[in-house]
Amino acid sequence: MSKPKTLSQSPLQSWFTRHKDQCLVWLLRGLAAIAGAIILLILIFLIKESLPVLQEVGIKAFFQDRAWNPVEQSYNLVPMIWGTGLTMFGSVLLATPLGILSAIFCHYYAPQSIAIIYRRLIELLAGIPSVVYGFWGLVVLVPMINRLHPPGTSLLAGICILTLMILPTIALVADAAFAEIPQEYLLGAKAMGLSASGTIWHIVIPTAKSGLLIGVILETGRAIGETMAVLMVCGNVVQTPDSIFDPIRTLTANIALEMAYALGNHRSALFVSGLLLLMIIIVLAIATELIDQEV
Amino acid sequence: MSRKASSKLINLDQLFKVVIWLIPLSITAIFIWILSDIVIGGIGQISWAFLTTNPLDAGRDGGIAPILVSTFLILAVCLVASVPISIGTAILLAEFTPNQNWFGRLVRRSLDVLAGVPSIVFGLFGNAFFAQTLGLGFSILSGGLTLACMVLPILIRSTEAGLRAVPQEYRLNSAALGISKTSTLWHLLLPAATPGLLVGLVLGLGRAIAETAALIFTSGYVDRMPTSLLDSGRSLSIHIFDLSMNVSGGDSNAYGSALILILILLIINAIAAWLGSKYNYLYD
């Protein structure tokens with residue numbers, strides 16, 4: 001009969017067999033450390049790439065220079081910040097009530113079967129690639145707006161497309177928030193003879209408030225970060241718009257457009273705008289965390 | 001309450017009901033509008049030849065064969081890089097870390113932030129880190145690795161959810177039998193958590209294949225058939241973008257490519273839904 005297996009192993013192998021669990025935990029910790037370090041790595045690389053221009057012209061230049069003309073050392077990001085801010089503001093303003101109402105529909109008005117189908121539809125809407133939204137906006141929406149008021153590629157087109165894109169986010173988060181409301185609240189409201197709309201205004205929305213707020217923050221993040229769709233429908237003229245029909249350029253579109261040929265300080269300036277976007281996202285993530293802790 | 005006021009209230013209730021039905025109806029209508037527009041525009045383009053020939057004349061003519069190949073290569077790189085890291089992290093978070101552990105909390109927080117990072121920022125990072133610092137250049141490898149960073153939070157979250165859905169008795173029984181943690185993990189927990197992992201995988205794939213902005217400066221624009229992972233390769237989504245923005249007269253082929261992309265996504269979604277339903281009644 002052959003010897004028991006463990007005796008024929010080398011010292012290293014037998015050590016490994018005895019400490020298998022510990023080895024596994026350290027391996028897993030290593031993998032988790034990689035996963036956790038990526039965000040740090042992103043931050044470090046964005047800072048590293050933006051430092052040259054920040055050291056040369058300072059932060060102020062990005063807000064006070066005459067124009068955005070990186071080839072001539074002038075780096076005014078203000079028109080792009082307006083572009084991002086206005087598209088974000090408009091789309092969040094439109095998508096929030098629409099998304100919340102559509103979640104209310106799912107929970108309190110729709111028959112079970114329709115609610116299930118509608119939820120799947122919202123999930124599908126969330127899954128459509130931004131480039132497809134952009135393409136549809138370019139071939140369908142922009143010509144329509146053009147007939148209304150040329151040139152068509154405009155702040156309005158951007159807001160419309162973005163509203164469609166972020167609506168699923170708020171709708172799904174609101175849906176989850178409404179699912180958490182204790183059934184007793186609703187039964188109580190019914191027993192008191194509160195009307196359906198009264199229940200929703202005075203019971204459902206206040207109870208789900210923090211969940212809804214998180215939804216709004218998430219959709220805001222998506223609206224700020226969206227690139228391809230706004231790049232395709234907004235016209236990309238560097239200007240502070242006077243009307244909703246003016247073409248605009250967002251921070252994200254600016255990076256996507258110029259990164260291909262940017263060199264030296266120009267490239268560095270684009271990384272500065274990336275860093276700005278990342279900072280906003282980090283602030284939003286902290287806000288979510290704070291709201292989450294309060295509950 | 002006077003009768004007038006109460007009838008006014010009922011009217012308000014009715015009005016609210018109308019509004020609340022109108023919104024989902026119009027959202028559904030817009031969804032059908034987008035989808036039918038893409039289908040009507042694209043269905044005429046799609047043929048076996050479209051899928052198997054090279055693009056000609058900057059993509060106005062010809063097919064999308066090299067673009068499909070590049071897309072699948074990018075996805076493959078993305079999965080090969082992200083799956084081991086995600087499974088490892090998810091196991092650590094779900095099985096080996098108490099909820100209040102500082103390391104677990106730190107990793108979870110950083111993943112939460114990572115999930116919100118805009119894709120264009122991933123593109124900048126991928127360009128600076130994979131393409132330049134690691135010297136991979138504009139290549140399928142850079143693009144795939146950038147996407148891997150992007151899908152990590154989705155993969156980890158759903159794998160973790162899958163592991164947490166495994167009943168606690170499994171672990172207790174296994175511990176009572178004196179089975180080591182490693183064996184428990186390997187023979188009990190991982191098989192039980194596979195459906196959750198698969199759902200995450202499918203969702204991550206969906207996110208990755210839809211991505212454009214993160215790939216423009218990492219995997220590049222070249223529409224030739226890639227010969228190695230270090231070649232630049234154009235993904236399907238970039239092809240749609242390029243045809244509709246930079247190539248006049250490219251719209252019809254852009255429609256065709258968009259339809260292919262939507263079809264792939266619908267299949268991915270159907271698989272996710274099927275897996276999800278299968279996995280929901282596993283422990284009920």
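Here the structure is a predicted model, which means the values were calculated and not measured. For every chain, the first residue of the written sequence is number 1, and numbering continues from 1 along that sequence. All chains are assigned letters beginning at A, and all ligands numbers beginning at 1, according to the order in which they are written. The predicted nature of this model means local features are confined to residues of pLDDT at least 70 and side-chain atom pairs, given and counted, to a pLDDT of 80 or more, with totals for whole chains, interfaces and linings taken over all residues. Hydrogens are left out, water is left out, and the side-chain values use all remaining heavy atoms of the structure.

Engineer: Go over the overall build of chain A with me, naming the residues and quoting the values.
Structural biologist: Secondary structure elements are taken from DSSP: a helix is a run of H or I of four residues or more, a strand is a run of E of two residues or more, and numbering for both begins at the N terminus. What chain A contains, in helices and strands, is 13 helices and two strands. Radius of gyration (C-alpha) of chain A: 26 Å, far over the 19 Å computed for a compact globule of 295 residues. Along the three orthogonal principal directions, the C-alpha set of chain A runs to about 90 × 70 × 35 Å. Burial classes follow relative accessibility: with a 1.4 Å probe on protein chains only, a residue under 20% of its type's maximum area counts as buried, one over 50% as exposed, and anything between as partly exposed. For chain A, the residues scored as buried account for 51% of the 295 residues in total. Every residue pair with non-hydrogen atoms within 4.5 Å of one another is taken to be in contact. Considering only residue pairs separated by 6 or more positions, chain A has 71% of its internal contacts joining residues 24 or more positions apart. Reported accessibility uses the Shrake-Rupley method at a 1.4 Å probe radius. Residues are deemed covered only where the shown protein chains occlude them. Accessible area for chain A stands at about 14,100 Å²; split by element, carbon and sulfur atoms hold 67% of it. Note that His is not counted, nor are the chain ends; the positive residues are Lys and Arg, and the negative ones are Asp and Glu. Working definition for charges: the position is that of NZ of Lys, CZ of Arg, CG of Asp or CD of Glu. In chain A, 16 side chains carry a positive charge and 17 a negative one; their mean positions are 13 Å apart. Values of the radius of gyration come from C-alpha atoms, whereas the globule rule sets the reference at 2.2 Å times the count of residues to the power 0.38.

Engineer: Describe the domain arrangement of chain B, and please don't skip the residues or the numbers.
Structural biologist: Residues and elements named next belong to chain B. How far each domain reaches was decided by an automatic or database domain assignment. Taken as a whole, chain B is organised into domain 1 (3-43) and domain 2 (50-280). Measuring from the centre of the C-alpha atoms in domain 1 to the corresponding centre in domain 2 gives 35 Å. Buried area: the accessible area, evaluated with a 1.4 Å probe, that two parts lose upon being put together, summed over both parts. When domain 1 packs against domain 2, the two sides together hide about 530 Å² of surface, and 81% of this comes from carbon and sulfur. We define a salt bridge as a contact between a side-chain nitrogen of Lys or Arg and a carboxyl oxygen of Asp or Glu at a distance within 4 Å. Our enumeration of links across domain 1 and domain 2 arrives at zero salt bridges. Identification of polar contacts relies on pairs of N or O atoms within 3.5 Å, with a donor-acceptor requirement for protein atoms, meaning one able to donate a hydrogen and the other able to accept it, and with residues adjacent in sequence counted only if both atoms are side-chain atoms. Across the contact surface, domain 1 and domain 2 share one residue pair in polar contact (both at pLDDT 80 or more). Under the convention adopted here, Pro, Cys and the residues Ala, Val, Leu, Ile, Met, Phe, Trp and Tyr are nonpolar, Asp, Glu, Lys and Arg are charged, and Gly plus all remaining residues are polar. Considering only residue class, the side of domain 1 that touches domain 2 consists of four nonpolar, two polar and one charged.

Engineer: Give a description of the interface of chain B and chain A that names residues and reports values.
Structural biologist: Between chain B and chain A, the contact holds 72 residues from the first and 75 residues from the second. Both sides of the chain B and chain A interface together cover about 6,400 Å² of buried area, and 82% of this is carbon and sulfur. Sorting the residues of chain B by area buried against chain A places Phe 16, Phe 31 and Leu 124 of chain B first, and these three jointly supply 10% of that buried surface. The tally of links from chain B across to chain A stands at one salt bridge. On inspection of chain B and its partner chain A, the count reaches five residue pairs in polar contact (both at pLDDT 80 or more). The element that contributes the greatest number of residues to the side of chain B that touches chain A is helix H1 (residues 3-43) of chain B, accounting for 16 residues. Tallied by class, the residues present in the side of chain B that touches chain A amount to 50 nonpolar, 16 polar and six charged.

Engineer: A description of the environment of Ala 258 of chain B should follow, citing residues and the corresponding values.
Structural biologist: Take Ala 258 of chain B: it is sitting in helix H11 (residues 251-280). For Ala 258 of chain B and Phe 129 of chain B, which are 129 residues apart along the polypeptide, the C-alpha to C-alpha distance reads 30 Å. Contacts of Ala 258 of chain B, omitting those with residues within four sequence positions, involve Val 132 and Phe 135 of chain A together with Ile 38 and Ile 240 of chain B.

Engineer: Residues and numbers for the packing of aromatic side chains, please.
Structural biologist: Each aromatic ring pair is summarised here by two numbers: the centre-to-centre distance and the angle between the ring planes. Between the rings of Phe, Tyr and Trp (Trp by its six-membered ring), a pair exists once the centres lie within 6.5 Å; its type follows the angle of the planes, with under 30 degrees stacked, over 60 edge-to-face, and the other angles tilted. Tallying each qualifying case throughout the model produces 13 aromatic pairs over all chains. With centroids separated by 5.5 Å and ring planes inclined at 85°, the aromatic side chains of Phe 105 of chain A and Tyr 118 of chain A adopt a geometry described as edge-to-face. Taken together, the positions of Phe 105 of chain A in helix H4 (residues 78-109) and Tyr 118 of chain A in helix H5 (residues 112-127) put the pair 13 residues apart, joining distant regions of the chain. For Phe 105 of chain A, a relative accessible area of 3% corresponds to the buried category. Residues Tyr 109 of chain A and Phe 16 of chain B carry aromatic rings whose centres are separated by 6.3 Å and whose planes lie at 65° to one another, so their mutual orientation is edge-to-face. Residue Tyr 109 of chain A is located in helix H4, and its partner Phe 16 of chain B is located in helix H1; the two belong to separate chains. An identical accessibility class is assigned to Tyr 109 of chain A and Phe 16 of chain B; each is buried. Within the aromatic cluster, the residues linked to one another by ring pairs are Phe 45 of chain A together with Phe 125, Phe 129 and Phe 130 of chain B. Consider the ring centre and the ring normal. A charge sits over the ring if Lys NZ or Arg CZ is within 6 Å of that centre and within 35 degrees of that normal. Above the plane of the ring of Trp 26 of chain A lies Arg 29 of chain A, whose end atom (NZ or CZ) is 4.7 Å from the centre.

Engineer: Could you give an account of the side chain of Ser 158 of chain B, with specific residues and numbers?
Structural biologist: Among the structural elements, Ser 158 of chain B can be located in helix H6 (residues 140-164). Each residue touching Ser 158 of chain B, except ones within four places of it in the same chain, is listed here: Gly 196 and Gly 200 of chain B.

Engineer: Just give me the short version of a nonpolar patch on the surface, but keep the residues and values in it.
Structural biologist: All names here are of chain B. Like-charged residues are merged into a patch within 9 Å and nonpolar side chains (Val, Leu, Ile, Met, Phe, Trp, Tyr) within 5 Å, provided each residue has over 30% relative accessible area and no salt bridge. On the surface, a cluster of nonpolar side chains totalling about 330 Å² of accessible area is made up of Ile 267, Ile 271 and Trp 274. With respect to the helices, strands and loops of the structure, Trp 274 is situated in helix H11. We classify Trp 274 as exposed; its relative accessible area is 52%.

Engineer: Which residues make up empty space enclosed by the protein, and what values do they have?
Structural biologist: In the cavity and pocket records, a cavity denotes points on a 1 Å grid over the protein atoms alone where a 1.4 Å probe fits but cannot get out, a pocket denotes an open set with protein on both sides within 12 Å along at least 5 of 7 lines, and lining residues are residues with an atom within 4 Å of a point. Grid points are joined across faces, edges and corners, and a volume is the space filled by probe spheres set on the points. Under the counting rule described, the total for this entry stands at three cavities of 30 Å³ or more. As a volume, the largest cavity reaches approximately 80 Å³. Residue lining of the largest cavity: Leu 124, Gly 127 and Ile 128 of chain A together with Phe 31, Leu 35, Ile 262, Leu 265, Leu 266 and Asn 269 of chain B, and that is the complete set. For the lining of the largest cavity, the elements supplying multiple residues, two or more each, are H5 of chain A together with H1 and H11 of chain B. Per-element accounting of the lining of the largest cavity gives the leading share, four residues, to H11 of chain B. In terms of residue class, the lining of the largest cavity is made up of seven nonpolar, two polar and no charged. Along the walls of the second largest cavity sit Ser 102, Ala 103, Cys 106, Tyr 118, Arg 119, Ile 122, Ala 171, Leu 172 and Asp 175 of chain A, which together make up its complete lining. When its residues are assigned to classes, the lining of the second largest cavity shows six nonpolar, one polar and two charged.

Engineer: Lay out H6 of chain B with the relevant residues and their values.
Structural biologist: Residues and elements named next belong to chain B. Taking 1.5 Å per residue as the helical rise, H6 with its 25 residues ought to reach 36 Å, and the 35 Å between its terminal C-alpha atoms agrees with that figure. At any given residue, the bend is defined as the angle formed between two axes, one fitted to the seven residues that end at that position and one fitted to the seven that begin there. Approximately 45° is the largest bend angle found in H6, and it occurs at Val 151, with the proline Pro 153 only one to four residues beyond. Of all 25 residues in H6, 19 are buried; the element is thus mostly enclosed. Here, expected helix span is obtained from the residue count minus one, scaled by 1.5 Å.

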